Amino acid sequence: MIALYENQPVSARVRLTDDDYLRTRYYLHPDGTADITVGRGRDWTVLACKECYGKAVKTVLDLEPDSCVFDLSPAARLGQPGLNAALEGILGGSHRKADCLTDVRCPALTCYASGSGFTLPQLTAAWQLAEDIMAVRNYVNLPANLLTPMDFAARLTALAQGLPIETAVYDRQQLEDLGLRGLLTVGGSSGHPPALVVLRYTGAPEDSRRVGFVGKGVTVDSGGYCLKSASSMAGIKGDMAGGAAAAAALHALARHGVRVNVTAVIPTCENRISPTSMLPGDRITLFSGQTVEILNADAEGRRYRFVDPVYGELRCQWGETLYVNDAPMQYSGFDNYGKLTMQEK
């Protein structure tokens with residue numbers, strides 16, 4: 001957590017200047033402390049704010065201090081979005097891939113905030129939002145053998161602990177009972193069973209409207225029998241980013257007590273090659289009654305994401321009235337919709 005600066009002794013100080021964008025300088029004092037400046041350029045935007053503070057913290061960490069004070073006055077001039085961006089930059093700039101193995105979400109130094117134009121509650125809210133963003137990074141960076149579908153489901157439900165979030169995890173047998181054939185067809189390719197995670201936050205009980213987030217949670221996407229190329233294999237563990245983002249977004253809303261009703265639905269599974277994998281030419285019938293012919297085993301997202309999970313929520317009568325798809329579009333989308341159309345979108 002970041003604290004307000006009240007003249008505590010620190011090893012480094014960061015401030016932004018009118019210098020060229022991202023131009024970074026530092027001065028080492030005889031006592032071992034350091035002053036770091038980063039140019040913010042001419043156009044001061046929320047994105048620029050995040051990048052400047054991210055660049056600053058990288059320089060700070062290179063100098064290996066144990067504490068640092070960041071002047072957040074320039075960020076505060078952009079309002080709460082500026083503070084959000086600054087602290088996302090600080091946490092993001094200090095993030096390391098290895099953090100996912102230990103759930104570390106803070107830079108390895110004590111952080112203080114100086115300046116004017118903001119309050120401690122605003123600062124705390126910005127830091128908590130940045131923590132949720134870093135949580136998504138950690139999930140995406142986890143190796144696939146440490147994040148099976150059921151592991152992912154357990155992490156997402158644990159994220160909701162201590163908050164007014166209802167959770168439910170549907171296992172393979174429950175998915176069979178519900179008839180969610182799309183998810184089961186994809187997940188049947190793996191020895192790690194699929195699951196459907198449901199997170200429900202009711203921040204405005206007097207309001208009948210409810211927003212639905214659906215995020216894709218494929219923890220391994222080899223492409224199945226439409227195997228991905230060797231150059232794409234390094235990223236097959238990250239096809240659950242949409243599901244992680246959907247859960248983190250709901251977590252942030254609940255954490256801040258936002259007056260809105262939201263349900264996140266995250267179908268999670270693996271898409272592997274096995275004797276039980278789906279094949280191009282196979283036909284399956286979804287719960288909706290639609291019959292789908294599989295033409296591309298690497299287009300698993302569209303096979304289960306838009307019909308089966310939403311059915312699960314309607315059956316529970318949780319009444320989503322707005323659907324937001326957070327799941328990433330597959331590379332094969334270019335084949336299905338055409339490069340020009342995808343670029344225009």
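S.K.: Residue-level account of the nonpolar core, with values.
M.R.: Y53, F70, L72 and L87 are the most contacted members of the largest nonpolar core, which has 36 residues in total. Elements with a minimum of two residues in this core: β2 (12–17), β4 (34–39), α1 (46–63), β5 (67–71), α2 (73–76), α3 (80–93), β6 (110–114) and α5 (120–141). Sort the elements by how many residues they give to this core and α1 lands first, with eight residues. Not counting the four nearest positions on each side in its chain, Y53 is found in contact with L16, F70, D71, L72, P74, A75, A86, G89 and I90. If you look at the next biggest cluster of nonpolar residues, it comprises 26 residues, including L159, A160, A247 and A264.

S.K.: Could you give an account of the pairing of strand β3 (residues 24–28), with specific residues and numbers?
M.R.: Where β3 and β4 come together, five bridges link them in antiparallel fashion. Within β4, the residue paired with T24 across the bridge is V38. With antiparallel pairing between neighbouring strands as the criterion, β3 and β4 make up a hairpin whose turn holds five residues, including G32 at a positive phi of roughly 95 degrees.

S.K.: Describe in detail α1, supporting the description with residues and values.
M.R.: An α-helix turns once every 3.6 residues. As a result, residues three or four positions apart point the same way. Taking 1.5 Å as the rise per residue, α1 with 18 residues should run 26 Å; its terminal C-alpha atoms sit 26 Å apart, in good agreement. Along α1, the residues classified as buried are A48, C49, C52, Y53, G54, A56, V57, T59, V60 and L61. Those residues of α1 that are buried lie in contact with β2, β3, β4, β5, α2 and α3. Looking at the residues trailing α1, positive phi occurs at E64, about 60 degrees.

S.K.: An account of the packing of α5 against helix α9 (residues 241–255) is requested, with residue identities and associated values reported.
M.R.: Where α5 contacts α9, the two axes come as close as 9 Å, and the packing angle between them is 160 degrees. It follows that α5 is roughly antiparallel to α9 by the angle criterion. In the packing of α5 onto α9, the handedness of the crossing is right-handed. Here Q128, L129, E131, D132, V136, Y139 and V140 of α5 lie close against α9, whose contacting residues are A241, A244, A245, A248, H251, A252 and R255. Residue composition of the contact of α5 with α9, grouped by class: nine nonpolar, two polar and three charged.

S.K.: Before we move on, could you go through the confidence of the model for the chain and cite the residues and values that matter?
M.R.: Chain-level pLDDT for the chain is 83 on average; 85% of the residues reach the 70-or-more range. Across residues 305–309, where pLDDT falls below 50, the model places 21 contacts with residues more than four positions away in sequence or in other chains. When the criterion is pLDDT under 50, residues 327–345 qualifies, and its contacts beyond four places in sequence or with other chains add up to 32 contacts.

About the thresholds
- Residues numbered from 1 in each chain as written.
- Predicted model: local features only at pLDDT ≥ 70, side-chain atom pairs only at ≥ 80, totals over all residues.
- Heavy atoms only, no water.
- Core = buried A, V, L, I, M, F, W, Y, C linked by side-chain atoms within 4.5 Å.
- Buried < 20%, exposed > 50% of the residue type's maximum accessible area, 1.4 Å probe, protein only.
- Helix = DSSP H or I, 4+ residues; strand = E, 2+ residues; numbered from the N terminus.
- Contact = heavy atoms within 4.5 Å.
- Pairing = 2+ DSSP bridges.
- Expected span 1.5 Å × (residues − 1).
- Axes fitted to C-alpha atoms, helices over the stretch in contact; angles between N-to-C directions.
- Parallel < 35°, antiparallel > 145°, perpendicular 65-115°, else oblique.
- Left-handed = near helix turned anticlockwise from the far one by under 90°.
- Nonpolar A, V, L, I, M, F, W, Y, C, P; charged D, E, K, R; others polar.
- pLDDT = per-residue confidence, 0-100.

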